[in-house]
Amino acid sequence: MTINKVGILGSGIMGSGIAEVAATAGATVIVRSRSEATADGMIVGLEKLLAKQVERGKKTQDEADAIRSRVSATTLLEDLADCDLIIESVVEDLDVKKALFAELDRHIKADAIFATNTSTLPVVEMAVQTARPERVCGVHFFNPAPAMSLVEIVRPLTASDETIKEVVEFALACGKEPVEVKDQAGFIVNALLFPYLNNAIRLLEQQVATKEGIDTAMKGGCGFPMGPFALLDLVGLDTSLAILEALYAEFGDHNFTPAPLLKRMVAAGQLGRKSGHGFYDYRK
Ligand SMILES: NC(=O)c1ccc[n+]([C@@H]2O[C@H](COP(=O)([O-])OP(=O)(O)OC[C@H]3O[C@@H](n4cnc5c(N)ncnc54)[C@H](O)[C@@H]3O)[C@@H](O)[C@H]2O)c1
């Protein structure tokens, strides 16, 4: 099957970014958001982004118009019925995702592939909510999706070779570099990255250095493009906490026990860039 029409669930940081990637690759994209306001907001955000790219000479006006014309938004799951591929990118919560997969199965054509953009959660548990577990896998984009080349293709025990092949081809068509990985919490990148991010918060708690000092040290000392606190703010502190909790639940390793400061900041609504305030303040 060729993937021509892509349905995306969730219009947050990742859902919006993946919509831009798929539309840029030539697919027709429909994003399902829970409210009219967030659906409209996603379209306005895309228009602004495309206008900036034209202004900077990265795209012609015609290219931008063509991408914009391929993206629409809806609040109704039924509107995604004829999609070839569904990419679920809602909140990192297994119960929410499982309920959504069960509902999807009732609305979307029988041979469509369902993929989840989960960062850590067991894909097989979503797959078995459907009557097509062989057509379910993970397709883990990185943030920001248009800029990051990696896509982890997560193979649950239930997925068919054909499903994985089609999703790998889709990732390649999007100009990405797919890497296949087993359905194990954190896959490759987050299993390695999150102990580092969590331990950076612990260093801050122990007042070993300031957050600015730690960020500067990891950029200058390791050649990382951004330090751990800037990265946590970009990922979202609520998403980061959910990732650590899922990793801890799978492995029981102390490196994954979320640092208390992270939990307190999430409780305070300090979620990073998306809320305007996290380790750094973005409201100015
Ligand atoms: N932020 C990152 O760096 C990153 C990177 C790769 C993958 N992911 C994964 O992508 C997914 C989305 O993360 P995000 O960063 O875009 O988060 P976000 O907070 O920006 O967006 C979450 C989206 O989920 C929707 N949502 C919230 N509760 C819901 C519910 N009960 N039912 C249906 N929709 C609901 C929200 O309306 C929003 O559209 C998560 O699974 C996350 O782990 C995140």
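None of the values given here were measured: they were computed from a predicted structure.

Novice: What is the right way to read the overall build of the protein from this model?
Specialist: Check the secondary structure of the protein and you find 11 helices and eight strands. At 19 Å, the protein has a C-alpha radius of gyration in line with the 19 Å of a compact globule built from 284 residues. When the backbone C-alpha atoms are referred to their principal axes, the protein occupies close to 55 × 45 × 35 Å. Of all 284 residues assigned to the protein, the portion counted as buried reaches 47%. The long-range fraction of contacts in the protein, counting pairs at least 24 apart against all pairs at least 6 apart in sequence, stands at 68%. Element-wise, carbon and sulfur atoms account for 54% of the exposed surface of the protein, whose accessible area totals about 13000 Å². Side-chain charges of the protein comprise 29 positive and 38 negative groups, with the mean position of each set lying 5 Å from the other.

Novice: Help me understand the packing of helix H10 (residues 237–251) against helix H11 (residues 260–267) in this model?
Specialist: Between two packed helices, what matters for the description is the angle formed by their axes and the separation of those axes. Relative orientation of the contacting elements H10 and H11 amounts to 135 degrees, with a least axis distance of 9 Å. Between H10 and H11, the interaxial angle falls into the category oblique. For H10 against H11, the interelement crossing comes out left-handed. Contact residues: H10 offers Leu237, Asp238, Ser240, Leu241 and Leu244, while H11 offers Leu262, Lys263, Met265 and Val266. When the residues that make up the contact of H10 with H11 are grouped by side-chain class, the tally is six nonpolar, one polar and two charged.

Novice: What should I look at first to understand H10 in this one?
Specialist: An ideal rise of 1.5 Å per residue puts 21 Å on 15 residues; H10 measures up with 21 Å between its terminal C-alpha atoms. Those residues of H10 lying buried are Leu237, Ser240, Leu241, Ala242, Ile243, Leu244, Ala246 and Leu247. Turning to H10, the residues buried within the fold contact helix H7 (189–205), helix H9 (228–235) and H11. Directly after H10, the chain includes glycine 252, whose backbone phi takes a positive value near 60 degrees.

Cut-offs applied
- Residues numbered from 1 in each chain as written.
- Predicted model: local features only at pLDDT ≥ 70, side-chain atom pairs only at ≥ 80, totals over all residues.
- Heavy atoms only, no water.
- Helix = DSSP H or I, 4+ residues; strand = E, 2+ residues; numbered from the N terminus.
- Rg over C-alpha atoms; globule rule 2.2 N^0.38 Å.
- Buried < 20%, exposed > 50% of the residue type's maximum accessible area, 1.4 Å probe, protein only.
- Contact = heavy atoms within 4.5 Å.
- Areas by Shrake-Rupley, 256 points an atom, 1.4 Å probe, with all protein chains shown as cover.
- Lys, Arg positive; Asp, Glu negative; His and termini not counted.
- Charge placed at Lys NZ, Arg CZ, Asp CG, Glu CD.
- Axes fitted to C-alpha atoms, helices over the stretch in contact; angles between N-to-C directions.
- Parallel < 35°, antiparallel > 145°, perpendicular 65-115°, else oblique.
- Left-handed = near helix turned anticlockwise from the far one by under 90°.
- Nonpolar A, V, L, I, M, F, W, Y, C, P; charged D, E, K, R; others polar.
- Expected span 1.5 Å × (residues − 1).

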